[in-house]
Amino acid sequence: MIYNINTLLSRLKEIKKDGYNYVDIYEFDADADADGETLPGGLAFEAVDGYGVCSVDYDHVEEVPPSEVSAFARRGVRAPA
């Protein structure tokens, strides 16, 4: 999967700003909801305290569709940040 680096850094900075030094990151695949609409895959973030006692979920980061990245490459321009 492809991710926007600025979005990843922003989420990690948010977690760090909240005082966490550790994070569990896991990748989930695209899926379909009950209406059959496709939900994009992404990365989920769970901050963990230094004692392993408590954790906090943060908003996930969605993958960037390869077609979006390819569209910019075909035009010879960089994708927006």
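The structure under discussion appears in the preceding block.
Now for a description of the structure that goes with this document. (Residues numbered from 1 in each chain as written. Predicted model: local features only at pLDDT ≥ 70, side-chain atom pairs only at ≥ 80, totals over all residues. Heavy atoms only, no water.)

### Quick look at the overall build of the chain
Right, on to step 1. Secondary structure assignment for the chain yields 2 helices and 5 strands.
Right, on to step 2. N-terminal to C-terminal, the α/β element order of the chain is α-β-β-β-β-β-α.
Right, on to step 3. Considering the chain as a whole, with its 81 residues, one finds that 20% of them fall into the buried category.
Right, on to step 4. Restricting the contact set of the chain to residue pairs at least 6 apart, pairs at least 24 apart contribute 46%. (Helix = DSSP H or I, 4+ residues; strand = E, 2+ residues; numbered from the N terminus. Buried < 20%, exposed > 50% of the residue type's maximum accessible area, 1.4 Å probe, protein only. Contact = heavy atoms within 4.5 Å.)

### Description of the sheet that holds strand 1 (residues 22-28)
Right, on to step 1. Judged by pairing direction, the sheet is antiparallel, and its 3 strands sit side by side in the order 1-4-5 without closing on themselves. The open sheet has two edge strands, strand 1 and strand 5 (55-62), and neither has a second partner. Strand-to-strand twist of the sheet, defined as the mean angle between neighbouring strand axes without regard to direction, takes the value 20°.
Right, on to step 2. As judged from the 7 bridges shared by strand 1 and strand 4 (residues 42-48), these two strands associate in the antiparallel manner. Paired with valine 23 across the two strands is alanine 47, which belongs to strand 4.
Right, on to step 3. Against the sheet, helix 1 (residues 5-17) engages strand 1, strand 4 and strand 5, with an angle of about 165° to strand 5. (Pairing = 2+ DSSP bridges. Axes fitted to C-alpha atoms, helices over the stretch in contact; angles between N-to-C directions.)

### Quick word on the nonpolar core
Right, on to step 1. Tyr3, Ile15, Tyr20, Leu43, Phe45, Ala47, Tyr58 and Val61 form the largest nonpolar core, which has 8 residues in total.
Right, on to step 2. Of all the secondary structure elements, the ones that give two or more residues to this core are strand 4 and strand 5.
Right, on to step 3. In terms of residue count, the dominant contributor to this core is strand 4 (3 residues).
Right, on to step 4. What isoleucine 15 contacts, discounting residues up to four positions off in sequence, is Tyr20, Val23, Phe45, Ala47 and Tyr58. (Core = buried A, V, L, I, M, F, W, Y, C linked by side-chain atoms within 4.5 Å.)

### Focus on helix 1
Every α-helical turn comprises 3.6 residues, leaving residues that sit three or four positions apart pointing alike.
Right, on to step 1. With 13 residues, helix 1 should cover 18 Å at 1.5 Å per step; its first-to-last C-alpha distance of 18 Å lies within 8% of that length.
Right, on to step 2. N-cap assignment for helix 1: the residue whose side-chain oxygen lies 2.8 Å from the backbone N of asparagine 6 is asparagine 4.
Right, on to step 3. Just downstream of helix 1, glycine 19 is the residue with a positive phi angle, here 100°. (Expected span 1.5 Å × (residues − 1). Polar contact = N/O pair within 3.5 Å; in protein donor to acceptor, adjacent residues only side chain to side chain.)

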